[in-house]
Amino acid sequence: MRFLFVHQNFPGQYLHIVRDLLAEGGHEIVFMTEPNRNNLAGVRKVTYARPPATHAAVHPSAREFDMAMRRAEAGYAGANQIKALGFVPDVIIGHHGWGELLNLCDVFPGVPILGYFEFYYRLDGTDVNFDPEFPMSDDRYGAVRAKNGVNHLAIALEQHGQTPTHWQWRTYPEWARERISIIREGVDLDVCKPDPMARRRNLGVGNLKVGPKQKLITYVARNLEPYRGFHTFMRALPAVLAARRDVVVSIVGGDEVSYGAAPASGTWRSQLMAEVGDRIDPDRVHFLGRVAYDDHVKLLQRSDAHVYFSYPFVASWSLREALATGAPVIGSDTATVTEFVHHETTGLVTPTLDHDRLAETTLRMLEDRKLSTRLGAGARDYAADNLDLKAYLRAFRAEIERITGQSLAPPASAPVRKTAKPKAPAPRSAAKRGALAGTAV
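Residues numbered from 1 in each chain as written. Predicted model: local features only at pLDDT ≥ 70, side-chain atom pairs only at ≥ 80, totals over all residues. Heavy atoms only, no water.

Visitor: Any chance you could explain the overall build of the chain here in plain terms?
Guide: Looking only at helices and strands, the chain has 15 helices and 15 strands in total. Against the compact-globule benchmark of 22 Å for 441 residues, the chain has a radius of gyration of 22 Å, which places it among compact chains. Out of the 441 residues in the chain, the part that is buried amounts to 56%. Split by element, the accessible area of the chain, about 18,500 Å² in all, is 50% carbon and sulfur. Of note, the chain has its 54 positive side-chain charges centred 4 Å away from the centre of its 49 negative side-chain charges. (Helix = DSSP H or I, 4+ residues; strand = E, 2+ residues; numbered from the N terminus. Rg over C-alpha atoms; globule rule 2.2 N^0.38 Å. Buried < 20%, exposed > 50% of the residue type's maximum accessible area, 1.4 Å probe, protein only. Areas by Shrake-Rupley, 256 points an atom, 1.4 Å probe, with all protein chains shown as cover. Lys, Arg positive; Asp, Glu negative; His and termini not counted. Charge placed at Lys NZ, Arg CZ, Asp CG, Glu CD.)

Visitor: I'm lost on unusual backbone geometry in this one. Help?
Guide: For residues besides glycine, phi is generally negative; the peptide bonds are generally trans as well. In this structure, the amide linkage connecting phenylalanine 10 to the following residue, proline 11, adopts the cis form with an omega of 0°. Position of proline 11 among the secondary structure elements: in the loop between β1 (2-6) and α1 (15-24). Located in the positive-phi region is glutamate 158, a residue other than glycine, with phi close to 55°. Mapping glutamate 158 onto the fold places it in the loop between α5 (149-156) and β6 (160-163). Look at glutamate 158 and you get exposed, because its relative accessible area is 55%. For glutamate 344, which is not glycine, the phi torsion reads 70° and is therefore positive. The class for glutamate 344 is partly exposed, based on a relative accessible area of 26%.

Visitor: I'm lost on empty space enclosed by the protein in this one. Help?
Guide: Rolled over the atoms, a probe sized like a water molecule indicates the empty space that remains. Within this model, the largest cavity holds a volume of roughly 40 Å³. For the largest cavity, the full set of lining residues is His96, Phe117, Ala154, Ile155, Gln159, His160, Arg179 and Ile180. Grouping the amino acids of the lining of the largest cavity by side-chain chemistry returns four nonpolar, three polar and one charged. (1 Å grid on protein atoms, 1.4 Å probe; cavity = no way out; pocket = protein on both sides within 12 Å on 5 of 7 lines; lining within 4 Å. Points joined across faces, edges and corners; volume = space filled by probe spheres on them. Nonpolar A, V, L, I, M, F, W, Y, C, P; charged D, E, K, R; others polar.)

Visitor: Before we go on, may I ask you to explain helix α2 (residues 63-84) in this structure?
Guide: Each α-helix winds once per 3.6 residues, and so residues spaced three or four apart point in a common direction. End to end, α2 covers 32 Å across 22 residues, agreeing with the expected 32 Å (1.5 Å per residue, within 8%). What α2 keeps buried is the set Asp66, Met67, Ala68, Arg71, Ala72, Ala74, Gly75, Gly78, Ala79 and Ile82. For α2, the elements touching its buried residues are β1, β2 (28-33), β3 (44-47), α3 (104-107) and α5. Glycine 86, located one to two residues past α2, shows a positive phi value of around 95°. (Expected span 1.5 Å × (residues − 1). Contact = heavy atoms within 4.5 Å.)

Visitor: I'm lost on the side chain of serine 318 in this one. Help?
Guide: Mapped onto the fold, serine 318 is located in helix α11 (residues 317-324). Residues within four places of serine 318 in sequence aside, it is in contact with Val220, His296, Leu300 and Tyr308.

Visitor: In this structure, what is going on with the nonpolar core? I would like to understand it.
Guide: Taken as a class, soluble globular proteins show a tendency for nonpolar side chains to be buried jointly. Of all hydrophobic cores here, the largest spans 31 residues; its most connected members are Ile217, Phe233, Leu237, Val249 and Ile251. Contributing elements (two or more residues each) for this core: β10 (215-223), α8 (230-243), β11 (247-254), α9 (268-276), β13 (305-308), α13 (355-367) and α14 (369-386). Ranked by the residues each element gives to this core, the list is headed by α8, at seven residues. Beyond its immediate chain neighbours, meaning those up to four positions away, phenylalanine 233 contacts Ile217, Tyr219, Val249, Ile251, Val307 and Leu358. Phe5, Tyr14, Val91 and Leu393 belong to the second largest nonpolar core, which has 25 residues in total. (Core = buried A, V, L, I, M, F, W, Y, C linked by side-chain atoms within 4.5 Å.)

Visitor: What exactly am I supposed to notice about the sheet that holds strand β12 (residues 285-289) here?
Guide: Sheet strands line up and pair through hydrogen bonds in the backbone, either parallel or antiparallel. Here six strands make up an open sheet; going across it, the order is β12-β11-β10-β13-β14-β15 and the pairing parallel. Pairing within the sheet leaves two strands with one partner each, and these edge strands are β12 and β15 (348-350). Mean inter-strand twist for the sheet, computed between neighbouring axes without regard to direction, equals 20°. Bridge analysis of β10 against β11 gives seven bridges, and the strand direction is parallel. Looking at the pairing, lysine 215 lines up with valine 247 of β11. (Pairing = 2+ DSSP bridges. Axes fitted to C-alpha atoms, helices over the stretch in contact; angles between N-to-C directions.)

Visitor: Can you help me understand the sheet that holds β2 in this one?
Guide: What the seven strands build is an open sheet, ordered β3-β2-β1-β4-β5-β6-β7; its pairing is parallel. Looking at strand neighbours, the two that pair on one side only are β3 and β7 (180-182), the edges of this open sheet. Between one strand axis and the next, the sheet turns by 25° as a mean value, whatever way the strands run. Strand direction decides the pairing type here: β2 and β3, joined by four bridges, are parallel. Note on β3: the bridge partner recorded for valine 30 is arginine 44. Running over the sheet, α2 touches β1, β2 and β3 and is turned about 150° from β2. Here helix α15 (residues 389-404) sits on the sheet and contacts β1, β4 (91-95), β5 (113-116), β6 and β7; the angle it forms with β4, its principal contact strand, is near 130°.

Structural data, given as structure tokens:
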């Protein structure tokens with residue numbers, strides 16, 4: 001089969017499916033993207049010119065849409081170059097967040113498009129004004145609605161969509177959901193797996209050293225910011241550190257802004273350290289920045305309590321990876337997180353904005369070894385049943401077969417097409433930029 005993948009940052013979400021197709025062999029794969037240094041052997045990478053910055057005269061609420069239209073134009077030109085070389089795909093697969101897909105139906109009429117629908121921006125029930133500490137004034141509501149411009153044009157193509165979680169699917173209007181399938185993204189369970197020996201040996205990552213007699217608390221985010229509960233986590237640390245002298249803390253993440261607004265000055269880390277830094281022992285709390293993937297997995301395997309918080313937004317890959325490694329997870333009580341973390345089954349759930357409750361819950365996890373062992377086993381069981389990369393690839397391939405009518409893979413279960421929230425499975429053992437900043441990757 002002939003594939004055209006499209007993502008402004010090759011390979012984006014499509015690394016695993018592209019690798020799977022390459023391993024199978026017999027397919028032609030072209031990937032259209034903005035220029036970058038990434039390459040995959042066997043993939044013909046075609047770049048389009050990065051669009052110029054939006055003109056200052058464009059209304060602030062329309063600048064994101066203006067950039068999407070520029071990308072749609074660049075994608076159209078790139079697709080025409082691909083067609084001129086004699087390549088006509090059997091299917092087009094890409095992310096709808098940046099606009100490149102919008103005009104490809106004019107270049108390749110009749111070719112089905114499978115687009116990634118990541119998030120529908122809303123004023124109620126999602127990230128907007130979720131946190132009263134960072135309110136949005138109502139004169140900015142129009143800008144939030146305007147962020148759905150690309151969403152609406154993408155839906156109007158009357159093509160096919162997919163999204164990775166039930167909650168993300170529910171953010172879309174009811175009239176749009178019939179065109180969007182749920183294909184649950186998975187992780188490599190052979191890489192992200194429990195390590196029974198992890199707590200019996202020393203671990204060193206960067207400036208962090210943790211021994212068998214110490215307790216390790218882990219926190220991971222692309223960037224350290226309120227959207228991922230960083231402020232709640234930092235405010236909880238003084239009480240946890242005071243209660244247990246054996247605690248060491250690993251904080252992985254950068255100091256840029258992925259979601260929401262930047263602080264008035266400095267970084268969110270500097271802001272929170274100014275607030276609570278005098279009660280945090282720098283010899284026990286380690287800011288590791290961004291770490292190698294192997295070290296990331298080792299930290300999760302060693303974790304005695306992994307904190308994952310999020311506003312009602314898109315769940316991070318790190319949450320899936322933590323569950324797969326069997327880390328004892330403490331999650332926030334937002335639907336983003338509770339679709340994965342089921343209280344007392346796959347982890348513990350605590351209020352997103354209450355740092356005192358987070359401290360209490362963390363101490364409970366650290367002090368009750370039977371509880372953390374049971375929850376870690378439940379997390380791994382949940383990942384095995386719901387977050388297996390192999391199952392994700394089978395479902396994705398089945399969706400390709402469905403929309404193209406061509407045989408690609410052995411029979412596989414169709415993607416989820418229901419409104420009921422997935423139930424938490426019982427553990428086998430005894431014992432997923434916000435409204436202020438842009439589309440998430």
